[in-house]
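# Structural overview for review
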Amino acid sequence: MRIDVVTIFPGYLAPLREALLGRAIDAGLISVAVHDLRTWTHDVHQAVDDAPYGGGPGMVMRPQVWGEALDAVVGDVPSGEAPPRLIVPTPAGRPFTQAMAHEYAAESRLVFACGRYEGIDQRVIDDAATWMPVDEVSIGDYVLVGGEVAVLAIVEAVARLLPGVLGNPASAEQDSFSDGLLEGPAYTRPETWRGRAVPDVLRSGNHGAIARWRRDRALERTAARRPDLLAALPPTALDRADRAL
Ligand SMILES: COC(=O)COc1cccc(COC(=O)c2cn[nH]c2)c1
């Protein structure tokens, strides 16, 4: 997978080259190119923003700069080849989910546009949408200073789904949300720690009982923390034993 990121703070994306993702890049599973948006400014101040039409606080990112940047970064899409998907992290976006992470993992190329200030001039999005799919996505209901942190989160969530990136692919299959529920509690040695023992069932070797116990804990946690996920489950997802909980 080829990943391009356009940002005014390229250094913010350095963590992509660490650890797991760094190894995936070295293994050639992912290529990451980070581009400084100011490359496409032409004034001495390298201005990337300007005052908002209609007034109001803050600044808006200029369309000319972004337009040239995306033209250059995306480049000419060879005919017959699918264009890359442009992903723009924004508080006003569609919620990013594990299902979307799987969709993105199937793409051969992703381009990320990191907005700042009050955002990018809407015409950049509207223009880009005429020649590639554009997703405005939110990683949560809060406001960051810029899209870079969101790109780190999205790239990590997507990259770990790519074959060969995770040492143990099974753990991606048993992710939280993979069965629509939150992951339950996990334990490792020692058997007792600060007077707290590991639940006996987990040491029983009874795999049926262990699976039941884990599902019960996942259902309890989901009901307590994310009743919305429980409500969204298809009726067939809960068996009789689940309902008895
Ligand atoms: C068209 O899109 C834009 O103009 C994006 O502009 C901005 C402006 C400020 C901050 C951000 C970064 O995203 C978030 O804060 C965010 C994403 N998820 N949850 C919070 C992006």
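Residues numbered from 1 in each chain as written. Predicted model: local features only at pLDDT ≥ 70, side-chain atom pairs only at ≥ 80, totals over all residues. Heavy atoms only, no water.

### Remarks on the confidence of the model for the protein
Note the threshold: pLDDT measures how confident the predictor is about each residue, on a scale from 0 to 100.
Residues with a pLDDT of 70 or more make up 97% of the protein, whose mean pLDDT is 94. Reported confidence for the predicted complex is 0.98 by ipTM and 0.94 by pTM.

### Comments concerning the site of the ligand
Selection rule: In this text, near means that some heavy atom of the residue lies within 4 Å of the molecule or strand in question. Pairing of N or O atoms within 3.5 Å defines a polar contact, subject to two protein rules: one partner must be a possible hydrogen donor and the other a possible acceptor, and residues neighboring in sequence count only if both atoms are side-chain atoms. With residues, only the protein chains shown are counted as cover, and all accessible areas are computed by Shrake-Rupley using a 1.4 Å probe. Helix and strand labels come from DSSP, where a helix needs a run of H or I of at least four residues and a strand needs a run of E of at least two; each type is numbered from the N terminus.
Around the ligand sit 20 residues in total, of which I120, I139, G140, Y142 and L144 are the nearest. A distance of 2.9 Å separates a nitrogen atom of the ligand from a polar backbone atom of G140. Note that an oxygen atom of the ligand is positioned 2.8 Å from one of the backbone N or O atoms of L144. The fraction of the free accessible surface of the ligand (500 Å²) that becomes covered by protein chains is 95%. Those elements that place two or more of their residues in the shell around the ligand are β5 (85-95) and β7 (134-138).

### Comments concerning the side chain of T41
The following threshold applies: Two residues form a contact once any of their heavy atoms are found within 4.5 Å.
Structurally, T41 can be placed in the loop between β2 (31-36) and β3 (49-50). Separated by 2.7 Å, the side chain of T41 and the backbone oxygen of R38 make a polar contact. Each residue touching T41, except ones within four places of it in the same chain, is listed here: Q46, A47, V48 and V65.

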